[in-house]
Number of protein chains: 2
Amino acid sequence: MKKLGEFERIAHYFSPLVAGQSDALGLADDAAIVSPPPGMRMAVTADALVAGVHFLESDPADRVARKALRVNISDLAAMGADPYGYTITLALPSGMENAEAWLEAFASGQRSDHLTFGIRLLGGDSVSTPGPLTISVTAFGWIPEDRALLRSGARAGDDIFVSGTIGDSGLGLAVLRSEIADIEGPDRGYLVDRYQLPEPRPMLGRALLRVASAALDVSDGLVQDLGHIAKASGVAANIALPRVPVSAAAAALVRSGKSEPVNLIASGDDYELLFTAPKEAREAVLERAEEAGVPICRIGKILPGRGVYVVDEVGNEVAIERRGYTHA
Amino acid sequence: MKKLGEFERIAHYFSPLVAGQSDALGLADDAAIVSPPPGMRMAVTADALVAGVHFLESDPADRVARKALRVNISDLAAMGADPYGYTITLALPSGMENAEAWLEAFASGQRSDHLTFGIRLLGGDSVSTPGPLTISVTAFGWIPEDRALLRSGARAGDDIFVSGTIGDSGLGLAVLRSEIADIEGPDRGYLVDRYQLPEPRPMLGRALLRVASAALDVSDGLVQDLGHIAKASGVAANIALPRVPVSAAAAALVRSGKSEPVNLIASGDDYELLFTAPKEAREAVLERAEEAGVPICRIGKILPGRGVYVVDEVGNEVAIERRGYTHA
């Protein structure tokens, strides 16, 4: 297939994504122009993804696009921001043979998540690299002037909650790498989906703006990320391992001895919201999560002190060897 | 030297860059929070740079940082926007031996241009890659609600202007690649500087907001970029090659037969402003450029029709084989 140059590439695959959208200027000018809504502040976050490091080269291109958007949307959700738009830069391997088909599928993934999350493309760049495919996304969202979900607001006595289920994504990656064998059917598909297509929680983040005391999204592993809240807030965190929500697929792997509960809370890429709230707000938290349509579980308590403690069903501390996943 | 993990890296090198700046939240939260100034719109642009493609691996790290910022500031300048801040993602080669020293120099380059251009770091990401060092920057600026410099406003009869001098950067790259030999001393240093450290023109861009009809920054070569204005505006552009401003160093290379004038207008990375304005605004344009402290030259005229025409001193058309540089 004919190899397209930079301008044709942008025009052909990405310009249709901004049709009818005045702020992107058809991706044809030097910059996009965005009018911030009155009374709102802008939340901005950036994440890079490298093929073979943050996604597998065999992952479908439409899912790679959606993952690149979703890990950023997850950061916005963790601030309580309403996702608005993003810029994207793509470094494509110079010898990439299926580049045009890959870009077409990539753009279809973008289009799909534009609809799902109400976000829009604002600009970008496409370059060639002698290295692996590399994607960088900077995402923007709006947040009310008088509040935000920071990491630093947890106080002793607060409840600790987490959304969804924990550990699926790490298991999905292990399945794709054949580190976990003999798993087929719906469980395999579910876990791979959770790795390739995280489910960020912007509705929940916004719903928590008035009630949560601290929040972040779980990207490096539950224990390690809880440590970030504890450190930023100057407190200790205590969670009960049996209370951490796990999927049926993960529970089945634990039952069959193919995984251990402690691994689930130390694997990365969950992109669930981990947050704290005063005990008095417990009912309000549960109501708001239900309104947002996101399942949450109360898994522990903030205490005076420092560090993260994980206990079993009778309150004995569980040793955590690997506290989380370091991407770098 | 000890290799630092992702968090330590960010904290050690980049956190000092945001000291005393509330919006970046110490680079320690999920996103930065920016309050847009009332009555302003936001211009946003993104560019990626790959080692060996957009800069040389031998380029000093502080200059690589400044170039990554400046190519984006140049895009903001071309919209007439006042640069405000940026996000940056770095993909560092996993086997990079001098990573810590490189990052230290890189951060010092950022700090230097924070002061020069009044911009600030808002967030970012640092990941490892098996490929070449890759940098992606998304830059933001503020622009008044009622005007902007677009590419599409040029009209038949308008003057064509360009800032600074054209072709130096391409010559600087040729010198670094030893494609031009026997050049030492101040001329060599000047041309290399122009390649490694472009001089974006945000003051000029803002000064032109009320008088220019169209503008962009010259990144792909004067002829090719003028073609973008012509196409977006639905007009033709005619420039006189002898009127295109060249530096003393470039003129010396032309005199000695080591370069040709026509190559200067087809090489990339100039990052000067190319713009059009109605003939009646000529005096205003010259005054505003002088106030902004940026030299400009009037090099041609917008005509009805389409395409870009380059003529010599007696009005004969000059054949242009290579119209510009395609990065992709």
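Residues numbered from 1 in each chain as written. Chains lettered and ligands numbered in written order. Predicted model: local features only at pLDDT ≥ 70, side-chain atom pairs only at ≥ 80, totals over all residues. Heavy atoms only, no water.

Time to look at the UniProt feature "domain: PurM-like N-terminal" (unreviewed entry) in chain A. The positions UniProt marks with the feature "domain: PurM-like N-terminal" (unreviewed entry) are residues 29-142 of chain A. Overall, residues 29-142 of chain A shows 33% helix and 39% strand. The separation of its end C-alpha atoms is 24 Å. (UniProt positions renumbered as here; feature names shortened; annotations may be inferred. Helix = DSSP H or I, 4+ residues; strand = E, 2+ residues; numbered from the N terminus.)

Before going further, it helps to spend a moment on the domain arrangement of chain A. Residue and element names in this part refer to chain A. Domain boundaries assigned for chain A yield domain 1 (6-144) and domain 2 (159-311). Taken over C-alpha atoms, the centre of domain 1 sits 26 Å from the centre of domain 2. At the junction of the two partners, domain 1 supplies 22 residues and domain 2 supplies 20 residues. Across the interface of domain 1 and domain 2, roughly 1800 Å² is buried in total on both sides, 59% from carbon and sulfur atoms. Three residues stand out in domain 1 for area buried against domain 2, namely Arg63, Lys67 and Arg70, and they jointly supply 30% of the buried area on that side. (Domains from an automatic or database assignment. Contact = heavy atoms within 4.5 Å. Buried area = accessible area lost by both parts, 1.4 Å probe.)

Attention shifts here to the sheet that holds strand β9 (residues 273-277) of chain A. Residue and element names in this part refer to chain A. Strand order in the open sheet formed by 6 strands is β7-β9-β6-β10-β8-β11, with mixed pairing between adjacent strands. Of all the strands in the sheet, just β7 (214-217) and β11 (307-311) have a single pairing partner and so form its edges. Ignoring which end each strand starts from, the neighbouring axes of this sheet average 25 degrees apart. Two elements, β7 and β9, share 4 bridges in a ladder whose sense is antiparallel. If you follow Leu216 over to β9, its bridge partner there is Leu274. Along the sheet, helix α7 (residues 222-233) makes contact with β6 (159-163), β7, β8 (236-240), β9, β10 (296-303) and β11, crossing β7 at roughly 145 degrees. (Pairing = 2+ DSSP bridges. Axes fitted to C-alpha atoms, helices over the stretch in contact; angles between N-to-C directions.)

Right, let's talk about the pairing of strand β4 (residues 120-129) of chain A for a bit. Residue and element names in this part refer to chain A. Counting buried residues along β4, 8 of its 10 residues qualify, which places the element largely inside the surrounding structure. Pairing analysis gives 9 bridges linking strand β3 (residues 82-93) to β4, with the strands arranged parallel. Among the inter-strand pairings, Pro93 is bridged to a residue of β4, identified as Thr129. Following the backbone out of β3, through helix α3 (residues 99-117) and into the adjacent parallel β4, one traces a crossover that is right-handed. (Buried < 20%, exposed > 50% of the residue type's maximum accessible area, 1.4 Å probe, protein only. Right-handed = clockwise from strand over helix to strand, strands pointing away.)

On the UniProt side, "binding site: Mg(2+) 5" (unreviewed entry) is annotated at positions that read Asp220 of chain A here. Locating Asp220 of chain A in the fold gives a position in the loop between β7 and α7.

Turning our attention to the packing of aromatic side chains. Taken as a whole, this structure holds 7 aromatic pairs over all chains when the rule is applied. Between the aromatic rings of Tyr84 of chain A and Trp142 of chain A, the centroid separation amounts to 5.4 Å while the plane-to-plane angle is 55 degrees, which identifies the pairing as tilted. Placement of the pair is Tyr84 of chain A in strand β3 and Trp142 of chain A in strand β5 (residues 134-144), with a sequence separation of 58 residues. Across the pair, exposure class does not vary: Tyr84 of chain A and Trp142 of chain A are buried alike. On the numbers, 4.8 Å between centres and 20 degrees between planes, the contact of Trp102 of chain B with Phe106 of chain B is stacked. Taken together, the residues span about one helical turn, with Trp102 of chain B and Phe106 of chain B both in helix α3 (residues 99-117) at a distance of 4 residues. For Trp102 of chain B, a relative accessible area of 11% corresponds to the buried category. Classification of Phe106 of chain B as buried rests on a relative accessible area of 0%. Taking NZ or CZ as reference, Lys67 of chain A lies 3.7 Å from the ring centre of Tyr195 of chain A, over its face. (Phe/Tyr/Trp six-rings, centres within 6.5 Å; stacked < 30°, edge-to-face > 60°. Lys NZ or Arg CZ within 6 Å of the ring centre and 35° of its normal.)

With that out of the way, let us pick up unusual backbone geometry. The backbone of Tyr271 of chain A shows a phi angle near 55 degrees, a positive value even though the residue is not glycine. Turning to its location among the elements, Tyr271 of chain A is positioned in the loop between α9 (261-264) and β9.

With that out of the way, let us pick up the sheet that holds strand β1 (residues 32-34) of chain B. Spatially, β4(A)-β3(A)-β5(A)-β2(A)-β1(B) is the arrangement adopted by the 5 strands of the open sheet, whose pairing is mixed. The sheet is open, and its two edges are formed by β4 of chain A together with β1 of chain B, each paired on a single side. If you compare each strand with its neighbour and ignore which way they point, the axes differ by 20 degrees on average. Note: strand β2 (residues 40-50) of chain A against β1 of chain B, 3 bridges, orientation antiparallel. Across the sheet, residue Met42 of chain A finds its bridge partner in β1 of chain B, namely Val34 of chain B. Sitting on the sheet, helix α2 (residues 61-79) of chain A touches β2, β3 and β5 of chain A together with β1 of chain B, and the angle it makes with β2 of chain A is about 140 degrees. Where α3 of chain A meets the sheet, it contacts β3, β4 and β5 of chain A, and its direction lies at approximately 170 degrees from that of β3 of chain A.

A separate point is the packing of helix α4 (residues 168-176) of chain A against helix α5 (residues 185-196) of chain A. Residue and element names in this part refer to chain A. The N-to-C vectors of α4 and α5 enclose an angle of 110 degrees; their axes lie 7 Å apart at closest approach. The pairing of α4 with α5 is recorded here as roughly perpendicular in orientation. Between α4 and α5, the contacting residues are Asp168, Ser169, Leu171, Gly172, Leu173, Val175 and Leu176 on the first element and Arg188, Tyr190, Leu191, Val192, Arg194, Tyr195 and Gln196 on the second. When its residues are assigned to classes, the contact of α4 with α5 shows 8 nonpolar, 3 polar and 3 charged. (Parallel < 35°, antiparallel > 145°, perpendicular 65-115°, else oblique. Nonpolar A, V, L, I, M, F, W, Y, C, P; charged D, E, K, R; others polar.)

Think of it as a corkscrew move, a rotation about one axis and a shift along it, taking one chain copy to the other. Taken as rigid bodies, chain A and chain B are interconverted by a rotation of 180 degrees and an axial shift of 0.0 Å, the fit giving an RMSD of 0.0 Å. As the rotation angle and translation indicate, the two copies are arranged about a two-fold axis. In terms of proximity to the rotation axis, the leading residue of chain A is Gly131 of chain A, whose C-alpha is 2.0 Å off the axis. Interface overlap between copies is the fraction of interface residues in one copy that are interface residues in the other; for chain A against chain B it reaches 100%, indicating a shared surface. (Least-squares fit on C-alpha atoms with pLDDT ≥ 70 in both.)

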